[in-house]
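Examination of the molecular architecture
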Amino acid sequence: MSTPSDTLDLRGLKCPLPVMRTRRHLRELVPGTVIEVETTDPLAVIDIPHFCQSEGHELVASAPADHSGHRFTIRRGRTASADRQSGA
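Residue numbers restart at each chain and count upward from 1, following the sequence in its written direction. Owing to the predicted nature of the model, reporting of local features is limited to residues with pLDDT of at least 70; listing and counting of side-chain atom pairs is limited to 80 or more, with chain, interface and lining totals taken over all residues. Heavy atoms from the whole structure form the basis of all side-chain values; hydrogens and water molecules are not counted.

**Description of the overall build of the protein**
Each helix is a run of DSSP H or I of at least 4 residues and each strand a run of E of at least 2, with the numbering of both proceeding from the N terminus. Counting its secondary structure elements, the protein contains three helices and four strands. Listing each helix as α and each strand as β along the protein from the N terminus yields β-α-β-α-β-β-α. Counting across all 88 residues of the protein, residues that qualify as buried make up 38%. Within the protein, residue pairs in contact and separated by at least 24 positions form 67% of the contacts whose partners lie at least 6 positions apart. The buried label applies to any residue whose accessible area, calculated with a 1.4 Å probe on protein chains only, is under 20% of its type's maximum; exposed applies above 50%, and partly exposed to all values in between. For this analysis, residues touch if any pair of their heavy atoms sits within 4.5 Å.

Here it is, written out as structure tokens:
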């Protein structure tokens, strides 16, 4: 597994903000970049995997985190869907 380039701390944010902020952050990255996303939103365990699948990103890992939240490792996709979202 690739080492994440950075961590997006979205703890304390409620749906739909974790997905919206993750989407915005991934738009700024080159395809193949790996990031970690930390969230305490209980719906993120449904929303983040769905977001990744629907927009062509790879959910590399998903695991509970120490802070009563969840940690996701995501690789920025190369698909037309991911590029279309970024305006490329």
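**Some words on the environment of Thr73**
Here Thr73 shows up in strand β4 (residues 69–75). Spatially, the C-alpha atoms of Thr73 and Glu36 are 4.5 Å apart, while their sequence positions differ by 37 residues.

**Digging into a nonpolar patch on the surface**
Patch construction takes residues with relative accessible area above 30% that form no salt bridge. Like charges are linked within 9 Å, and nonpolar side chains (Val, Leu, Ile, Met, Phe, Trp, Tyr) are linked within 5 Å. Only the protein chains shown count as cover for residues, and the accessible areas themselves come from Shrake-Rupley with a 1.4 Å probe. What makes a salt bridge here is a side-chain nitrogen of Lys or Arg within 4 Å of a carboxyl oxygen of Asp or Glu, nothing more. A contiguous nonpolar surface patch, about 260 Å² in accessible area, is contributed by Leu43, Val45 and Ile46. Mapped onto the secondary structure, Leu43 falls in the loop between β2 (34–39) and α2 (44–55). When its relative accessible area of 42% is taken as the criterion, Leu43 is described as partly exposed.

**Concerning the packing of helix α1 (residues 17–27) against α2**
Axis angles are defined between N-to-C directions and span 0 to 180 degrees, where every axis is a line fitted to C-alpha atoms and, for a helix, only to the segment in contact. Between α1 and α2, the least distance of the axes is 10 Å, while the angle of their chain directions is 40°. In terms of orientation, α1 and α2 fall into the oblique class. Of the two elements, α1 crosses α2, and the hand of that crossing is right-handed. Here α1 contributes Pro18, Val19, Thr22, Arg23 and Leu26 to the contact with α2, which in turn contributes Asp47, Ile48, Phe51 and Glu55. Class assignment of the residues belonging to the contact of α1 with α2 gives a composition of five nonpolar, one polar and three charged. Under this scheme an angle from 65 to 115 degrees is roughly perpendicular, one under 35 degrees roughly parallel, and one over 145 degrees roughly antiparallel; angles in between are oblique. Whether a crossing is left-handed or right-handed is set by the direction in which the near helix is turned from the far one by less than a right angle, anticlockwise for left-handed and clockwise for right-handed. Following the grouping adopted for this structure description, the nonpolar residues are Ala, Val, Leu, Ile, Met, Phe, Trp, Tyr, Cys and Pro, the charged ones are Asp, Glu, Lys and Arg, and the polar ones are all others, Gly among them.

By themselves, these observations are geometric and do not establish any function.
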